[in-house]
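Reading the structure
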Amino acid sequence: MAITKKPAGITNNPAQDKFIEAAPDGAKPGKPDDEGSVQITLRMSRDQLERISRIAKRQGIPRASYIKRSVFIQLETDEQEK
């Protein structure tokens, strides 16, 4: 889970901030990382997420990779229909 708001009473500590921002989910949503990619949030039903998780596990890949690949395949298909 990404940290979205610093708890009250916590003072700024540059070393801590740098450590947190270096975490995979530490970057602010929409902020490009070193590779130029941007983190987004998706909403879907639990049933859909369970289906995605099941298929990704069966294929031996992380769920995020399955979602990225699915989006890429759909984009390729849609762009060819021009």
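Values in this document were obtained by computation on a predicted structure and should not be read as measured data.

When helices and strands are counted, the chain shows three helices and zero strands. Helices and strands in the chain line up, N terminus first, as α-α-α. The burial tally for the chain puts 6% of its 82 residues in the buried class. Accessible area for the chain stands at about 7800 Å²; split by element, carbon and sulfur atoms hold 55% of it.

Let's shift gears to a nonpolar patch on the surface. Taken together, the side chains of Val-38, Ile-40, Leu-42, Met-44 and Leu-49 make up a nonpolar region of the molecular surface, amounting to roughly 440 Å² of accessible area. Tracing the chain through its elements places Leu-49 in helix α2 (residues 46-59). Exposure remark for Leu-49: the relative accessible area of 30% places this residue in the partly exposed category.

Turning next to the environment of Asp-78. Structurally, the position occupied by Asp-78 is in helix α3 (residues 63-80). Side-chain polar atoms of Asp-78 contact the side chain of Gln-74, separated by 2.9 Å.

Let us look at the confidence of the model for the chain. Taken residue by residue, the chain gives an average pLDDT of 82. The fraction at 70 or more is 73%. Mean pLDDT across the elements of the chain bottoms out in helix α1 (residues 14-22) (78) and peaks in α2 (96).

Closest axis-to-axis distance for the α2/α3 pair is 8 Å, and the angle between their directions is 100°. When the interaxial angle is binned, α2 and α3 end up roughly perpendicular. Contacts from Leu-49, Ile-52, Ser-53, Ile-55, Ala-56 and Gln-59 in α2 reach Arg-63, Tyr-66, Ile-67 and Arg-69 in α3. Among the residues forming the contact of α2 with α3, the class breakdown is six nonpolar, two polar and two charged.

Position of Ile-52 relative to the elements: it lies in helix α2. The spacing of Ile-52 and Arg-63 is 11 residues in sequence and 6.7 Å in space, taken between C-alpha atoms.

Thresholds applied
- Residues numbered from 1 in each chain as written.
- Predicted model: local features only at pLDDT ≥ 70, side-chain atom pairs only at ≥ 80, totals over all residues.
- Heavy atoms only, no water.
- Helix = DSSP H or I, 4+ residues; strand = E, 2+ residues; numbered from the N terminus.
- Buried < 20%, exposed > 50% of the residue type's maximum accessible area, 1.4 Å probe, protein only.
- Areas by Shrake-Rupley, 256 points an atom, 1.4 Å probe, with all protein chains shown as cover.
- Patch = residues over 30% accessible without salt bridge, like charges linked within 9 Å, V, L, I, M, F, W, Y side chains within 5 Å.
- Salt bridge = Lys/Arg side-chain N within 4 Å of Asp/Glu carboxyl O.
- Polar contact = N/O pair within 3.5 Å; in protein donor to acceptor, adjacent residues only side chain to side chain.
- pLDDT = per-residue confidence, 0-100.
- Axes fitted to C-alpha atoms, helices over the stretch in contact; angles between N-to-C directions.
- Parallel < 35°, antiparallel > 145°, perpendicular 65-115°, else oblique.
- Contact = heavy atoms within 4.5 Å.
- Nonpolar A, V, L, I, M, F, W, Y, C, P; charged D, E, K, R; others polar.

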